[in-house]
Every structure is written in C-alpha cells, then in structure tokens.
Amino acid sequence: MMNRIYLITTIGLLSSIYAMSQTNSLSSSPYSLYGLGTFNTTNTGGSTALGNTGIANNSSEFINNLNPASMSSIPLNTFFFDVGFKSEYGLQVDGSVQESKLVANFSNVAFGFPINKKSGLSLTLIPYTNVGYNVTNMETDIEGSTSSFYSDINGSGGLNDLKLNYGYAILNNLSVGVTGSVLFGQIIENEIDYIGENVLNIYNANSYSGLQFGAGIQYSPIKNITLGSVVTLPTSLSGIQDRKVSQLYESDINSEQDIDDFKLPLELGFGVQTRFLDQVDVSVDYKKKYWANTNQTDQLGTFVDQDILGLGVEFSPNANPLKFWNTLQYRAGLNYDSGNLEINDTKIRNYALNLGLGIPLRHDGLSMLNVAYSYGKKGQVFEGLIQENYHMLTLNISLAGRWFEKRKIF
C-alpha cells in the first residue's frame, strides 16, 4: 500500500512541477498583465468551495494549506495525498466589445503526514501567480513626434509556490506552526510593434525566485469554536531577464540582464471556525496585505493595501448513511477581494460565489473527490477599465492511506 502511495506521490509531484513550470497559464484575466500576474485563488481539498477560507480549520480530513498549525491535527498513521485540476472560462467586457478565453491545467499537488501524536508535516506545490493575457492593436505615441505605433502583446507563465508546512500541538487546544516557501517561475511576454512599414518583435522571459517564511497558530477556547491567525513575512524576489529583439532582414539581438527585485508585502490573517448541531461548520477569514509599504509601482497602476474577506459553510448530514446523498458534504462560500492595484484611481475589486461537493471515495470518509464551481466578477467598465466575468471549475482528488500500522492476525 505505501509503495503505491509513494509512487503516486512522486509521479504526481514531478508531473505537476513539469507542467506548472513549463506553462503555468492558469489565468484568462486581462489583469494578469500587471505585476507578477493575478494571485492564485484556489487551494487544496475543499477550501476553494468554502470561499477559500481555512485559517482556523484543521487538517483532520484533508490538507489545509492555509495555516501551518493545522498540520498537528493530521490523524496518526495517516498519509494524505491531494492533486488538483482547474478550468476557467473568462469573459472580458470593454464597452460593447466582448472577448472570451478558456484555460485548464494542474492547480496543485500536495502530501502530508503526522510525525508523531503532536506534530505533522506537509509539502505543497501550488501556483502563486498566474499570467495569461492578449492585448491587440494598442496605440502608443512616439516620443518627440506626433506619430504613433501599434502593438500586439501576449503574456503567459507565472510563479509557483513550493511550500513546506510544520505544525505542533503545544496543548490539546493550542497548536503552532511554521512555513517556508520557495517561489520560482517565469513570465514570458512577446510584443510585436508595427512602426510604419517596419515590424519589431521583442521577446522577454523574466525569471523570478526567492524565499518566503511565515507562521501560524490555532486555539480552541471552548468546544466547537477554533480561532486561527497567520503571518507571512515580507520578502523580495530577484529577477533575471532574457531578451531577444528581432526585425525583418536584421540580425537578432540577444541579451541577459538583472531586473528590479519584486517586493512582496507583510501579510496578516485571522480566522474563526465553529460547528452547529454537529452538522454545520462555518468559517470566516480576514486577510490584510500591506502592499503600500513595498513602495513600488507598476507602469500601468499603483500597488495599494489589500483586504480579503471570506465566508464558508459546510453541511454534513447525519441521516441514514446507506443513502448516497447523506454521505456527501455540501459546501458554499463567498469571497471579497479589494484588490492590490489601483488604476485611474479605481481599485480592481473581485467578488466570487463558490459552491461545491465533497464526495467520499471510501467508507472512512477521508478519501474524497472535492468539486467546486466559482462565479466571479473582477474590475468594471469604467474609464478604460475592463470588467471580467469568469466561471471556474476545480477538481481535487484527496486520498488518505494508512501507514506504519501493525497488522492484526486473528
């Protein structure tokens, strides 16, 4: 059994690293043009359907990647493996013009296990940012003249987050955790400029890498209520640019140079999770990202402090377990994101509604097929901005196996 789990984990991890590092085009958003792209809103297990909440949730049924302290609750002798897939259909509205785009790829791979009765560990590979945009016929004025030229620009790629979480239970109702991430990836931008009768092709491959650290805590003051908090420390990602400039009938010009570090802000998060009637779980999360303190700007916008609020509800029937519908977990969530960019004095806000199901694959209820549907709206049609309406479907296969258990002989 464990050999099969190790094989599945290794194949899944290597396949996802290859797929996500080669083409991390998990976004159809025009707003991925800014900064490092749009930040990932999906996660492991059933978190996506719960409005991406989970700061106060444990990891007793699936890997909760949102708080390292939750790793202390992984059941003893249990090995979790989670692999996810994501498909997104986006419809961009710019006045009377509409454009649609469909993308699909791996969304995560993770495994976790207990070290002893009080501590646990998980390793997760998940997209950190996503880039996928296409801008056509963009007009730019030529400096020092009354003329202009037109450009077609497309971008793809993004950054990945290879995260190690460790949690330890100090008391039965108090756990702490630490986390460390390796952030890495490449953003590719290809620009074609039409200047009179001349065509100029500029290809940029920007590679970023760096480390990020954080910590978390979970505390249950009374039965059925858990409080959680996380902090992610600010860091800088170093970058290298490979550029290739070509023109018809001219020799290519290749260069490699360092580019400005990209600064990531201090992040604070707070959450509460409670249970009613042993059937309904409610979780509420609030996160604050202090982008203004990074003192950096994008060419097309300004980074501002970001507020993220999520609400999740899960219903688990306690009726006759012989009926299939009574074995499912029903989930719903809401999410509001104030955005970290301000363009033309307007924030790029995001609203999302999430619905999902947890379908058990085994009688113990630990191995689950987690399905989530999200409908969201980002931006608005105002002063040259674009409104994006998107539909997202995520599928997470969360498997649980038993290991290091002594066989009972009767």
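Throughout what follows, the structure given in this document is the object of discussion. This one's a predicted model, so the numbers in the text were calculated from it and none came from an experiment.

Each value, and the rule that gives it
Residues numbered from 1 in each chain as written. Predicted model: local features only at pLDDT ≥ 70, side-chain atom pairs only at ≥ 80, totals over all residues. Heavy atoms only, no water. Pairing = 2+ DSSP bridges. Helix = DSSP H or I, 4+ residues; strand = E, 2+ residues; numbered from the N terminus. Patch = residues over 30% accessible without salt bridge, like charges linked within 9 Å, V, L, I, M, F, W, Y side chains within 5 Å. Areas by Shrake-Rupley, 256 points an atom, 1.4 Å probe, with all protein chains shown as cover. Salt bridge = Lys/Arg side-chain N within 4 Å of Asp/Glu carboxyl O. Lys, Arg positive; Asp, Glu negative; His and termini not counted. Charge placed at Lys NZ, Arg CZ, Asp CG, Glu CD. Buried < 20%, exposed > 50% of the residue type's maximum accessible area, 1.4 Å probe, protein only. Core = buried A, V, L, I, M, F, W, Y, C linked by side-chain atoms within 4.5 Å. Contact = heavy atoms within 4.5 Å.

A sheet is described by the order of its strands in space; here four strands give the open sequence β14-β15-β18-β19, paired in antiparallel fashion. At either end of the open sheet lies a strand with only one pairing partner, and these are β14 (297–298) and β19 (346–347). Taken together, the two bridges between strand β15 (residues 301–303) and strand β18 (residues 341–343) define a ladder with antiparallel strand orientation. Counterpart to Phe-303 in the pairing with β18 is Leu-341.

Attention shifts here to a negative patch on the surface. A cluster of acidic residues, Asp-242, Glu-256, Asp-258, Asp-260 and Asp-261, forms a negative patch at the surface. When residues in the negative patch are grouped by element, the largest group, four residues, is from strand β11 (residues 253–264). Considering the arrangement of structural elements, one finds Asp-260 in strand β11. A relative accessible area of 67% places Asp-260 in the exposed class.

Glancing now at the nonpolar core. Among the nonpolar cores identified, the biggest contains 20 residues, and Leu-36, Leu-159, Ile-187, Tyr-208, Leu-237, Phe-262 and Leu-264 are the most heavily contacted of them. Elements with a minimum of two residues in this core: β5 (129–141), β6 (148–171), β7 (174–195), β11 and β18. When residues in this core are grouped by element, the largest group, three residues, is from β11. Setting aside residues no more than four positions away along its own chain, Tyr-208 makes contact with Leu-36, Leu-159, Leu-183, Phe-184, Gly-185, Ile-187, Leu-237, Ser-238, Gly-239, Ile-259, Asp-260 and Phe-262.

Attention now goes to the pattern of salt bridges. Opposite charge on two side chains lets them pair, provided their charged atoms get close. The full count for this structure, using the stated rule, is five salt bridges. For Asp-278, the salt bridge is made with Arg-275, and the minimal N-O distance between the two is 3.1 Å. By sharing partners, the salt bridges in this structure join Arg-275, Asp-278 and Asp-281 into a single network.

Turning next to unusual backbone geometry. At Asn-77, a residue that is not glycine, the phi angle is positive and equals roughly 65 degrees. Within the secondary structure, Asn-77 is located in the loop between β1 (38–39) and β2 (78–94). Residue class for Asn-77 comes out partly exposed when judged on its relative accessible area of 23%. One non-glycine residue, Leu-277, adopts positive backbone phi at about 55 degrees.

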